Structure formats: structure tokens, C-alpha cells
Amino acid sequence: MINIRQISKRFGQKKIINDLSLQIEDGERACIIGPSGCGKSTLLKLLTGLSKVDSGDILIGDQSLTNLDEEGLYKLRKNIGFAFQSSALFDSLNVEKNVGFSLCETPDRASDSLILDRVQEMLDLVGMSGFEKAMPSDLSGGQQRRIGLARALANRPKIVLYDEPTTGLDPQLCSNIEDLITNLSKKLNLTSIVISHQISTMLRTSEKIYFMHEGRFLKPESPESIRNSTQAPLHAFFKGVL
Ligand SMILES: Nc1ncnc2c1ncn2[C@@H]1O[C@H](COP(=O)(O)OP(=O)(O)OP(=O)(O)O)[C@@H](O)[C@H]1O
Ligand SMILES: [Mg+2]
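Each value, and the rule that gives it
- Residues numbered from 1 in each chain as written.
- Chains lettered and ligands numbered in written order.
- Predicted model: local features only at pLDDT ≥ 70, side-chain atom pairs only at ≥ 80, totals over all residues.
- Helix = DSSP H or I, 4+ residues; strand = E, 2+ residues; numbered from the N terminus.
- Buried ≥ 20, exposed ≤ 12 C-beta atoms within 10 Å, placed from the backbone.
- Pairing = 2+ DSSP bridges.
- Expected span 1.5 Å × (residues − 1).
- Contact = placed C-beta atoms within 7 Å.
- Near = placed C-beta within 6 Å.
- Nonpolar A, V, L, I, M, F, W, Y, C, P; charged D, E, K, R; others polar.
- Arc of directions from axis to C-beta.
- Core = buried A, V, L, I, M, F, W, Y, C linked by C-beta atoms within 7 Å.

Student: Got a minute to help me understand unusual backbone geometry in this structure?
Tutor: As a rule of thumb, non-glycine residues mostly have phi less than zero, and peptide bonds are mostly trans rather than cis. The phi dihedral of Asp 19 falls on the positive side, at around 60 degrees, and the residue is not glycine. Secondary-structure assignment places Asp 19 in strand 2 (residues 14-24). Here Asp 19 falls in the partly exposed class, since 13 other C-beta atoms lie within 10 Å of it. Within the chain, Asn 189 stands out as a residue other than glycine whose phi angle is a positive 50 degrees. Here Asn 189 is to be found in the loop between helix 7 (171-188) and strand 8 (191-195). Looking at Asn 189, the number of C-beta atoms within 10 Å reads 10, which means it is exposed.

Student: Explain the pairing of strand 9 (residues 208-213) here, please?
Tutor: The pairing of strand 3 (residues 29-33) with strand 9 spans 4 bridges and is classified as parallel. The residue of strand 9 that forms the bridge with Ala 30 is Lys 208. Examined bridge by bridge, strand 9 and strand 10 (residues 216-217) share 2 bridges and lie antiparallel to one another. Paired with His 213 across the two strands is Arg 216, which belongs to strand 10. As consecutive antiparallel partners, strand 9 and strand 10 are separated by 2 residues, and within that stretch Glu 214 has a phi angle of approximately 50 degrees, a positive value.

Student: Sorry if this is basic, but what is going on with helix 6 (residues 141-153) here?
Tutor: For an α-helix, 3.6 residues make a turn, and residues three or four places apart therefore share a direction. Its 13 residues give helix 6 an end-to-end C-alpha distance of 19 Å, which sits within 8% of 18 Å, the value for a rise of 1.5 Å per residue. Taking burial as the measure, the 13 residues of helix 6 include 10 buried ones, the bulk of the element. Taken together, the buried positions of helix 6 are occupied by Gln 144, Arg 145, Arg 146, Ile 147, Gly 148, Leu 149, Ala 150, Arg 151, Ala 152 and Leu 153. The inward-facing, buried residues of helix 6 contact strand 6 (80-83), helix 3 (95-99), helix 4 (101-104), helix 5 (112-125), strand 7 (159-163) and helix 7.

Student: Would you mind going over the site of ligand 1 with me for this structure?
Tutor: In the vicinity of ligand 1, the contacting residues are Phe 11, Ile 16, Gly 34, Ser 36, Gly 37, Cys 38, Gly 39, Lys 40, Ser 41 and Thr 42. Looking at the shell around ligand 1, the element that brings in the most residues is helix 1 (residues 40-47), giving 3 residues. In terms of residue class, the shell around ligand 1 is built from 3 nonpolar, 6 polar and 1 charged.

Student: What is the right way to look at the environment of Val 119 in this model?
Tutor: Tracing the backbone shows Val 119 in helix 5. Each C-alpha atom of the pair Val 119 and Arg 151 lies 8.4 Å from the other, and the pair is 32 residues apart in sequence. Beyond its immediate chain neighbours, meaning those up to four positions away, Val 119 contacts Glu 96, Val 99 and Gly 100.

Student: I'm lost on helix 1 in this one. Help?
Tutor: If you check which residues of helix 1 are buried, you get Lys 40, Leu 43, Leu 44, Leu 46 and Leu 47. In an axial view of helix 1, the angular spread of the buried residues amounts to 160 degrees, which keeps them on one side of the axis. Looking one or two residues beyond helix 1, the residue adopting positive phi is Gly 49, at roughly 75 degrees.

Student: I would appreciate a short explanation of the nonpolar core in the present structure.
Tutor: Nonpolar side chains in soluble globular proteins tend to be buried together. Ranked by internal contacts, the top residues of the largest apolar core, which has 58 residues, are Ile 32, Ala 150 and Leu 161. With 5 residues, the single largest contributor to this core is helix 6. Residues within four places of Ala 150 in sequence aside, it is in contact with Val 99, Met 122, Leu 123, Leu 125, Val 126 and Met 128.

This is the structure:
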């Protein structure tokens, strides 16, 4: 479903993504890890067309991103949910308006009652019904993450991208969010890509773990195989902590 073909991306003199290829199947739960600054978030931006590749191509289904105009990109993004790092909720909007945001800000806007129904369905999914009128500042960090997930899922996307969904949360909240990501992916048959530095998140939310090294991926590991990986950069990265 997601087919990344030999893409490269540089910023100034620095080549961040270097001839990187990756194929993620429908329904796969993938995790991307790697040192800070190696290009993980950049890759997510390329996947959603927020940034453009210098060379190579990305296909979502059979749709190539390279030549899509704004309208094409807009349609494509409706199928991709993006849960941003640190939730990135709109401070001035209540929970209901945050979750329904992408449904309201669209030319083919559904009726208010349909939007409210969908918001309710999403809040139920993430265990946050009853918080419709709360403001983001009234919520704990973990609750904000849940609302961020509800917002990412509101368009019923088939692909969901999570950028550091658990960073900065206490172990119990981490494990709640990890369970939520895994259960939602299974229940809704989503294809998911989680970026994380959190070891528990990497091990608990994914089937395949891709380590980014020098602008491309090493051979993927599974949560079971990664501890005994013989790939040197992985070994060095986790030395003593895995
Ligand atoms: N718009 C931009 N202009 C210039 N440089 C950029 C831009 N976006 C990212 N970079 C650079 O590209 C590199 C990769 O950044 P990116 O945000 O993808 O890293 P990351 O792997 O997500 O790191 P982290 O784990 O810290 O979030 C960094 O050196 C960053 O400074
Ligand atoms: Mg990042």
C-alpha cells in the first residue's frame, strides 16, 4: 500500500534521506526508529506531501505523490491520519471542535449532526466521551494525546502516522497509549507507522521495526528479533538499554 521507491531529500548540503526504499503492506504496523535528527519526521512529511522528494517516488496505493496537484494531495491526505508530536491541539478550540476540525474545514462539509456523531464515535474509541466541552488546557498530557489520536482518526483514514506518540508520558500513560494504538489498528484494520524513541512503544505497537541509518533503512527487525540483532548500527544504538 505504501511504496517508497529510492527517494532522496537534502536540506542545503546535507543529504538527509539517501536513496531510501520501503514497502509497507496493507494493515502492517510499522515502527521507525533512529537517532535524533536522522530524518524520521522528514520522512513522514514526505509521505503526506507536506514536503517534496528531490528524486524517487512515493506511491500510496497506486497513486504517485510526485505529480499530484494541491487538490490531489488534499484528497490523498483525507486517507492519512497524522498524530503530531505533543498532540498539537488547537488551544482555543474545545475537544469537540478539535476532533471535528478536519471534517468542518472541507469544501464537502457534512452536516453538523453527522460531524457531531462522528466526533462522538471517535471520543468513544479513545475512551474520552464526556470531555466534549473541555478545553485542551483542562486535560492531562495523556488525555491530550488521546484527543490527538481521535482527531487523526476522524476522517476514518486507512493509514495513520504517529510522530512520537508517547514521548514525555509516564510509564502508565505510555502503556495506555500503546494499547490504544495497537487495538485501534487491529480493530479498524489500519496501516500504521509509529515513530518513537520509547523502547516500550517500539516493542508493543509494531510488527516490523525499521532503523534509519545514514539516510536509509537497515533490514527490518521484529520486536522479538531486535534484542539479538547482529546489525552493528542497531547494536550500537541500543547498547546497554535493550
Ligand atoms: N525544513 C527544513 N529545513 C532545513 N533543515 C531541515 C528541515 N527539516 C528538517 N531539517 C533537518 O533535517 C534533519 C532531520 O530532521 P528530522 O526532523 O526529520 O529528524 P528526526 O529524525 O525526526 O529527529 P528527532 O528524533 O529529533 O525528532 C535535521 O538535521 C534537521 O535539522
Ligand atoms: Mg522528529
